[in-house]
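Per-entry structural report
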Amino acid sequence: MSGGTDSSVSAMILQQAGYTIEGISFKMWENYHLSSCDVKDQGCCNAETLLEARELAKKLNFPHNIIDIRDEFDHYVIQNFISEYKQGRTPNPCVVCNTHIKWGILLDEMEKMGHTKYATGHYARIREENGRYILKRGVDLKKDQSYFLWTLNQKQLSHTIFPLGEFTKAKVREIARDNGFEGIAGKKESQEICFIPDNDYRRFLRDAVPGIEKTPGEGWFVDKHGKKLGKHKGFPFYTIGQRRGLNIALGYPAYVISIDAKNNTIVLGESKELQQNELNIKNCNWIKYPQPPTNTPFDIKIRYNTAPVSGQIKAMNKNGCHIVLEKPVHAITAGQSAVLYEGDNVVGGGVICQ
């Protein structure tokens, strides 16, 4: 329970359906000192929102627990986030958090408390078919969060309930109002990364990694032939597809095409050079099938806020696979997730690698 609309309404729905419920909230990231901006009381899962979650539980008369997992969150999520940028990749912390925190530590806590099911406010659905648990998109495609859940295994899915999967966001707000919680119904959406509430990852890196502006420090922008074009501030502060903030004039709109962390160089080019129709993924997890078929069309999303593109798995190995898309897509980025769908069903996914 984050104190937001979705987890709060999930609790209402479950209680009204006859479940005996117990709430869990996590104290995750307040130990990070954000020195260069005053955002300590913003974002989700801060002291204020955790108290709001506790107040809701009190009003609905069910137990509520606040668990301090700051060390674990730092280890699994924040340090991974920092490490990925320091290696020239763009991480997806929500996927990592779901894997290790919400479906790692949370599952352990559920078992300790003697419960058999746990629920979150994600917009997704689960169904069972031939003894296998299948993850599906949420009914509200604008809110669907199945993309972030591709790492869930069969045990985790078997214990999970998504109360909001069949509802639109508008209906969820209506449920809150109908239950007398106008304040919860009107809460703003949380769009930013929870531990970067000002949505400025560069500021976060400067605060969290002392000396990152000096090591690696300045490097060269180059073109695809290796010609030096000008200086940059250090490769961790750039991402694939970035156009704004380059502070360089080349006579045409320039984009970050690739990042060479070893040599601290960044290749710039035109938008067309970001178009690709092939990618490799690693650390794969398969949900609908124990192993998906090759040369079979799937819908593939290479980031959360883009439309899926048809593509096929052309080759597989123990850890990953090679995917070919029917048409090129913009800015395939190492560190992000590629998720495969068959209709509304999540086939599985993996981490995009270079």
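As a reminder, the structure under discussion sits directly above these lines.
Structure report, in brief. (Residues numbered from 1 in each chain as written. Predicted model: local features only at pLDDT ≥ 70, side-chain atom pairs only at ≥ 80, totals over all residues. Heavy atoms only, no water.)

**Details of the environment of Ala254**
This is how it is decided: Only DSSP runs of H or I with at least four residues qualify as helices, and only runs of E with at least two residues qualify as strands; both kinds are numbered from the N terminus onward. Burial classes follow relative accessibility: with a 1.4 Å probe on protein chains only, a residue under 20% of its type's maximum area counts as buried, one over 50% as exposed, and anything between as partly exposed. Note on contacts: a residue pair qualifies if any of its non-hydrogen atoms lie within 4.5 Å across the two residues.
Note on placement: Ala254 falls in the loop between strand 8 (228–232) and strand 9 (255–260). Since its relative accessible area comes to 7%, Ala254 is described here as buried. With 12 residues separating them along the chain, Ala254 and Gln242 place their C-alpha atoms 8.5 Å apart. Here Ala254 is in contact with Gln242, Arg243, Leu246 and Gly269, once residues within four sequence places are set aside.

**Details of the packing of aromatic side chains**
For any pair of aromatic rings, the description rests on two quantities: the centre-to-centre distance and the angle between the ring planes. Condition: Between 30 and 60 degrees the pair is tilted, below 30 it is stacked and above 60 it is edge-to-face, where a pair is any two Phe, Tyr or Trp rings, Trp via its six-membered ring, whose centres lie within 6.5 Å.
Applying the stated criterion across every chain, the model contains 12 aromatic pairs. With a centroid separation of 4.7 Å and an interplanar angle of 40°, the aromatic rings of Phe148 and Tyr304 are classed as tilted. Separated by 156 residues along the polypeptide, Phe148 in the loop between strand 5 (132–137) and helix 5 (154–158) and Tyr304 in the loop between strand 12 (298–301) and strand 13 (309–316) bring together distant segments of the chain. Taking the centre distance of 5.6 Å and the plane angle of 85° together, the rings of Phe221 and Tyr238 count as edge-to-face. Here Phe221 is found in strand 7 (residues 219–222), whereas its partner Tyr238 is found in the loop between strand 8 and strand 9, with 17 residues between them in sequence. In this structure Phe221 comes out as buried when scored by relative accessible area, which is 0%.

**Focus on helix 3 (residues 70–86)**
To be explicit about the condition: The bend reported for a residue corresponds to the angle between axes fitted to the seven residues ending at that residue and the seven starting there.
Of all bends in helix 3, the biggest is about 30°, found at Gln79. Residues of helix 3 that are buried include every one of Phe73, Asp74, Val77, Ile78, Phe81, Ile82, Glu84 and Tyr85, and no others. In this fold, the buried residues of helix 3 make contact with helix 4 (93–112) and helix 8 (201–208).

**Concerning the sheet that holds strand 9**
Note the threshold: Two strands pair if DSSP finds at least two bridges between them. Geometry is summarised by axes, namely lines fitted to C-alpha atoms with helices restricted to the contacting stretch, and by angles between N-to-C directions that run from 0 to 180 degrees.
Strands sit in the order 8-7-10-9 across an open sheet of four strands; the sheet is mixed. Each having just a single partner strand, strand 8 and strand 9 make up the two edges of the open sheet. For this sheet, the mean angle separating the axes of adjacent strands, direction not counted, is 30°. When strand 9 meets strand 10 (residues 265–269), the two strands line up antiparallel, connected through five bridges. When the sheet's bridge partners are listed, Ile259 is paired in strand 10 with Ile266.

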